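# Structural overview
These are the residues of each chain, in order.
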Protein chains: 2
Amino acid sequence: MADPIRFYFDFSSPYGYLATFRIEALAAAHGRTVDWNAHLLGVAMKITGQGPLLNQPMRGAYATHDMTRMAREFGAPIVMPEVFPLHSVAASRAFYWLKGKNPEQAVAFVHRIYQAYWAQGRDMRAPEAVAAEADAMGLDGGALREALATDDAKQRLREAVDQAIERGIFGSPMFDIDGELFWGCDKFGQMDRWLKNGGW
Amino acid sequence: MADPIRFYFDFSSPYGYLATFRIEALAAAHGRTVDWNAHLLGVAMKITGQGPLLNQPMRGAYATHDMTRMAREFGAPIVMPEVFPLHSVAASRAFYWLKGKNPEQAVAFVHRIYQAYWAQGRDMRAPEAVAAEADAMGLDGGALREALATDDAKQRLREAVDQAIERGIFGSPMFDIDGELFWGCDKFGQMDRWLKNGGW
């Protein structure tokens, strides 16, 4: 079986959100699975010297228009959240805690948090807000809320982010296909050709 | 007749170079022409707070790999030039001077300078280097060299850059299709669908 496509996203990233509308179908079309990885772009931005794209002069106006246009193309609802950027530590810790127990639930949780934040615009910073989403999914939000404060949960996220930085992940979405990195929702066409042809 | 696709590029930009391999075919496929516009990204970068992508930590390594992979896909030769970034004022002034006389020659000149810089890696900063390329194309390099120092040539470039900034052009390549902006070589697929469907 071929390696999974490693998919890196930040809950704060609109393009990461949009990628969740296509990544599973892309992988399935090529007999691949997806390995989901939450990332903290803020850590990478300290290295790259960047700030959130949406807040940059000139580039922010373009990106806001582009993400809306792309959302229409992807059939994805999108709004500008009440709080941006999102401090996504709690959601990311929750993601890895769930992934350690049940990867499928962790994926469903990603979709849920992204919907709450980018489709409904709700503030998803607080551990309580994250736990409430888990509850609404039928998971044990209380246990999740407690787990988020543990050293184990903190350590898992720290290690995941360190590994992503080591791998060169500075953006959202980024994809690793057999060691080849692709950055951005605009790469779906190119990734499809890459997967079909085994590179070029 | 539909409006031309406005294509903005900086001679210093590898992705601008790569775009020249596809923009004419894209336009022709949709019964459009291309309006070519040299831009000085350095002016925009003072506003956006960016430096050249290839020189940024993490992002530069990715972009160098990505531009090479994309060049293979586009069938475009590419090397890392001996001097980067390119101070592209002379080439850009020459471009607008030629465009004022003969737009088709100006387009051929863009291809020529991009080949010299991104396919052959030669230093294209000096007015003499730019004039030599014009000579090699059968144009009057001597007249071009003289024109580059005139207030008229300086003014034309300044106005073009000001208009591009006003329009929100901060990257290379950028494309304006009926008032809709698209940024990057990764947008060719999306632009093709946009042109076909008249937006969405």
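Attention here is on the structure that accompanies the text.

Reading the values: rules and limits
Residues numbered from 1 in each chain as written. Chains lettered and ligands numbered in written order. Predicted model: local features only at pLDDT ≥ 70, side-chain atom pairs only at ≥ 80, totals over all residues. Heavy atoms only, no water. Helix = DSSP H or I, 4+ residues; strand = E, 2+ residues; numbered from the N terminus. Rg over C-alpha atoms; globule rule 2.2 N^0.38 Å. Contact = heavy atoms within 4.5 Å. Areas by Shrake-Rupley, 256 points an atom, 1.4 Å probe, with all protein chains shown as cover. Buried area = accessible area lost by both parts, 1.4 Å probe. Salt bridge = Lys/Arg side-chain N within 4 Å of Asp/Glu carboxyl O. Polar contact = N/O pair within 3.5 Å; in protein donor to acceptor, adjacent residues only side chain to side chain. Least-squares fit on C-alpha atoms with pLDDT ≥ 70 in both. Pairing = 2+ DSSP bridges. Axes fitted to C-alpha atoms, helices over the stretch in contact; angles between N-to-C directions. Buried < 20%, exposed > 50% of the residue type's maximum accessible area, 1.4 Å probe, protein only. Disulfide = S-S within 2.5 Å. 1 Å grid on protein atoms, 1.4 Å probe; cavity = no way out; pocket = protein on both sides within 12 Å on 5 of 7 lines; lining within 4 Å. Points joined across faces, edges and corners; volume = space filled by probe spheres on them. Nonpolar A, V, L, I, M, F, W, Y, C, P; charged D, E, K, R; others polar.

Right, let's talk about the overall build of chain A for a bit. Of regular secondary structure, chain A possesses 10 helices and 4 strands. In sequence order, chain A lays out its α and β elements as β-α-α-β-α-α-α-α-α-α-α-β-β-α. Taken over C-alpha atoms, the radius of gyration comes to 16 Å for chain A, in line with the 16 Å a tight globule of 200 residues would show. Dimensions of chain A, computed from the C-alpha atoms along their principal axes, are close to 50 × 45 × 35 Å. A separation threshold of at least 6 residues defines the contact pool for chain A, and within that pool the share at least 24 residues apart is 70%. Accessible area for chain A stands at about 8,300 Å²; split by element, carbon and sulfur atoms hold 51% of it.

Another point: the interface of chain A and chain B. On the side of chain B, 29 residues touch chain A, which itself brings 29 residues to the contact. Between chain A and chain B, the buried area comes to about 3,000 Å², and carbon and sulfur atoms account for 54% of it. For the chain A face of the interface with chain B, the top three residues by lost area are Met58(A), Arg59(A) and Tyr62(A), together amounting to 24%. Summed over the shared surface of chain A and chain B, the result is 8 salt bridges. Residues Asp66(A) and Lys187(B) are paired through a salt bridge, measuring 2.7 Å at the closest nitrogen-oxygen approach. Linking chain A with chain B are 21 residue pairs in polar contact (both at pLDDT 80 or more), by the criterion used here.

Superposing chain A onto chain B takes a rotation of 180° plus a shift of 0.0 Å along the axis, which leaves an RMSD of 0.0 Å. These values place the two chain copies in the arrangement generated by a two-fold rotation axis. Distance from the rotation axis, computed per C-alpha, reaches its smallest value in chain A at Asp186(A): 2.8 Å.

Turning our eyes to something else, we now look at the sheet that holds strand S3 (residues 174-177) of chain B. All names here are of chain B. Read from one edge to the other, the open sheet built from 4 strands follows the order S2-S1-S3-S4, with strand pairing classed as mixed. With one partner strand each, in any of the chains shown, strand S2 (34-38) and strand S4 (180-183) form the two edges of the open sheet. Put simply, the sheet's adjacent strands are angled 20° from each other on average, direction ignored. In the sheet, S3 pairs with S4 via 4 bridges, with the strands oriented antiparallel. In the strand pairing of S4, isoleucine 177 is matched with glutamate 180. Helix H10 (residues 188-197) rests against strand S1 (5-9), S3 and S4 of the sheet, and its axis sits at about 5° to S3.

A separate point is the side chain of Asp176(A). All names here are of chain A. Here aspartate 176 lies in strand S3 (residues 174-177). The class for aspartate 176 is buried, based on a relative accessible area of 6%. What aspartate 176 contacts, discounting residues up to four positions off in sequence, is Pro4, Ile5, Arg6, Tyr8, Arg167 and Leu181.

Next up on the list: the environment of Met45(A). Residue and element names in this part refer to chain A. Positionally, methionine 45 belongs in helix H3 (residues 41-48). Classification of methionine 45 as buried rests on a relative accessible area of 19%. Expressed as a C-alpha distance, the spacing of methionine 45 and glycine 171, which sit 126 residues apart in the sequence, is 8.8 Å. When near neighbours in sequence (up to four residues on either side) are disregarded, methionine 45 contacts Gln50, Gly51 and Pro52.

Okay, the sheet that holds strand S2 (residues 34-38) of chain A next. Pairing in this open sheet of 4 strands is mixed, and the strands run S2-S1-S3-S4 (chain A) from one edge to the other. For this open sheet the edge positions go to S2 and strand S4 (180-183) of chain A, each flanked by a neighbour on one side alone. With strand direction ignored, the average angle separating the axes of adjacent strands in the sheet is 20°. Two strands pair when backbone bridges link them, and strand S1 (residues 5-9) of chain A and S2(A) are joined in this way by 5 bridges, in the parallel orientation. From the neighbouring strand, Arg6(A) faces S2(A), where its bridge partner is Asp35(A). Of the strands in this sheet, S3 and S4 of chain A touch helix H4 (residues 59-74) of chain B, which is tilted by about 100° from S4(A).

Okay, the pairing of S1(B) next. All names here are of chain B. The element S1 is extensively covered by neighbouring structure, given that 4 of its 5 residues are classed as buried. Bridge analysis of S1 against S3 gives 3 bridges, and the strand direction is antiparallel. Each bridged residue has a counterpart across the sheet, and for phenylalanine 7 the counterpart in S3 is phenylalanine 175.

Moving on: the state of the cysteines. Each disulfide consists of one covalent bond between the sulfur atoms belonging to two cysteines. With the rule as written, the count across this model stands at 0 disulfides over all chains. Cys185(A) forms no disulfide, and the closest cysteine sulfur to it belongs to Cys185(B), at a distance of 18 Å. Take Cys185(A): its relative accessible area is 6%, and that puts it in the buried class.

This brings us to the pairing of S3(B). Side chains Met174(B) and Asp176(B) project from S3(B) onto one buried face, and the interleaved Phe175(B) and Ile177(B) project onto a second face that is buried too. Between S3(B) and S4(B), which follow one another and run antiparallel, lie 2 residues, and Asp178(B) among them has a positive phi close to 55°.

As a further point, take the layout of surface pockets. In this approach the atoms are scanned with a rolling probe the size of a water molecule, which exposes any empty space left behind. Roughly 370 Å³ of volume is contained in the second largest pocket. Considering the residues around the second largest pocket, the lining is formed by 21 residues, among which Asp186(A), Gly189(A), Gln190(A), Asp186(B) and Gly189(B) are closest to the centre. Looking at the lining of the second largest pocket, the elements with two or more residues in it are helix H4 (59-74) and helix H10 (188-197) of chain A together with H4 and H10 of chain B. Taken together, the residues that form the lining of the second largest pocket break down as 8 nonpolar, 4 polar and 9 charged.

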